Amino acid sequence: MAATVFYLDEVPETGAVAVLDGPEGRHAATVRRIRVGESITLSDGHGVLADSEVVAAQKDRLELVVHDRRIEEPVFPPVTVVQALPKSERSELAVELMTEAGVDLIVPWQAARCVANWEAKAAKGLEKWRATARSAARQSRRAYIPEVADLHRTRDLLDLVRKATADGVIVAALHESGTGKFIELPVGEAAEVILIVGPEGGLDDTEVAALAEAGAHIVLLGPTVLRTSTAAAVALGALGALTDRW
């Protein structure tokens, strides 16, 4: 089994001593009870990985010798998920699952039929999503922590779709009314892919029409209707098999 990953803002060079403290150190030393002599992997969350060995352990703090520092190349093509805000606990579940499935960028979207409303609490929602992405990246031992963008309204999303499609990016809005199939999109030749996932109540008809007009493909992901919290992870799994991401 690969060594557990913990994140530092900056990972020292091979042979140097790294200090893991703060929330990461607390999780490693107190929650996981990692002790002297054990091996863990350090990462900066931006591609750097380093095998390391614990040489000193205190409460909420570890000191480690770095044995092998390297850079992991990002997977290709990069995938952005535009996620309409799910309600309650499913909000963070959606972020967790798509992070474990390999998303590169997460864009929260205040869609028309969202039960959740971040208009007055966007900062709090973003903080939760970013913390969830970091935790899920650690769980899945990722060298890259996905970025969580600022909250997008529909007008922001349409601007994003227009610009992306003009640059040749494949944009797929996953919807049960789609006449085409997700698997038929030429994702194997894509330089970038954007997935759009609607809320519990689905995409509004005007949103579907506006997204199509902006250049998005309205497609059916599969034969069953998925929850908003799981759709992105399923689509990312399909992309892993349909492209060189896996």
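Residues numbered from 1 in each chain as written. Predicted model: local features only at pLDDT ≥ 70, side-chain atom pairs only at ≥ 80, totals over all residues. Heavy atoms only, no water.

A. Structural detail: unusual backbone geometry. Here the bond from Phe-76 into Pro-77 is cis, since omega is 0 degrees, no more than 30 degrees from zero. Its place among the elements puts Pro-77 in the loop between strand 5 (61–71) and strand 6 (79–84). A positive phi angle, near 60 degrees, is found at Arg-141, a position not held by glycine. (Helix = DSSP H or I, 4+ residues; strand = E, 2+ residues; numbered from the N terminus.)

B. The arrangement of the pattern of salt bridges in detail. With the rule as written, the count across this model stands at 12 salt bridges. Between Arg-26 and Asp-60 there is a salt bridge whose closest N-O contact spans 3.8 Å. In this pair, Arg-26 is assigned in helix 1 (residues 22–31) and Asp-60 in the loop between strand 4 (48–58) and strand 5, connecting sequence segments 34 residues apart. Given the relative accessible area of 40%, Arg-26 is considered partly exposed. Ionic pairing is found between Asp-68 and Arg-70, a salt bridge with its closest N-O pair at 3.5 Å. With a relative accessible area of 34%, Asp-68 lands in the partly exposed category. Salt bridges linked by common partners bring Glu-24, Arg-134 and Arg-138 together as one network. (Salt bridge = Lys/Arg side-chain N within 4 Å of Asp/Glu carboxyl O. Buried < 20%, exposed > 50% of the residue type's maximum accessible area, 1.4 Å probe, protein only.)

C. Quick look at the packing of aromatic side chains. Applying the stated criterion to the full structure yields one aromatic pair. Plain terms: the ring middles of Trp-118 and Trp-129 are 5.0 Å apart, the flat faces sit at 70 degrees to each other, and that makes the pair edge-to-face. Highlighted residues: Trp-118 in the loop between strand 7 (105–109) and helix 3 (122–139) and Trp-129 in helix 3, separated in sequence by 11 residues. (Phe/Tyr/Trp six-rings, centres within 6.5 Å; stacked < 30°, edge-to-face > 60°.)

D. How the structure looks around the domain arrangement of the chain. In terms of domain boundaries, the chain breaks down into domain 1 (5–71) and domain 2 (79–242). Every contact between the two is made by 10 residues of domain 1 and, on the other side, eight residues of domain 2. Carbon and sulfur atoms make up 50% of the area that domain 1 and domain 2 hide from each other, which totals about 860 Å². Our enumeration of links across domain 1 and domain 2 arrives at two salt bridges. In this structure, Glu-24 engages Arg-138 in a salt bridge whose closest nitrogen and oxygen atoms are separated by 2.4 Å. Run the count over domain 1 and domain 2 and you get nine residue pairs in polar contact (both at pLDDT 80 or more). Looking at the side of domain 1 that touches domain 2, the elements that each hand over two or more residues are strand 1 (5–7) and helix 1. Broken down by element, the side of domain 1 that touches domain 2 gets its largest block of residues, three residues, from strand 1. Split into classes, the residues belonging to the side of domain 1 that touches domain 2 amount to four nonpolar, five polar and one charged. (Domains from an automatic or database assignment. Contact = heavy atoms within 4.5 Å. Buried area = accessible area lost by both parts, 1.4 Å probe. Polar contact = N/O pair within 3.5 Å; in protein donor to acceptor, adjacent residues only side chain to side chain. Nonpolar A, V, L, I, M, F, W, Y, C, P; charged D, E, K, R; others polar.)

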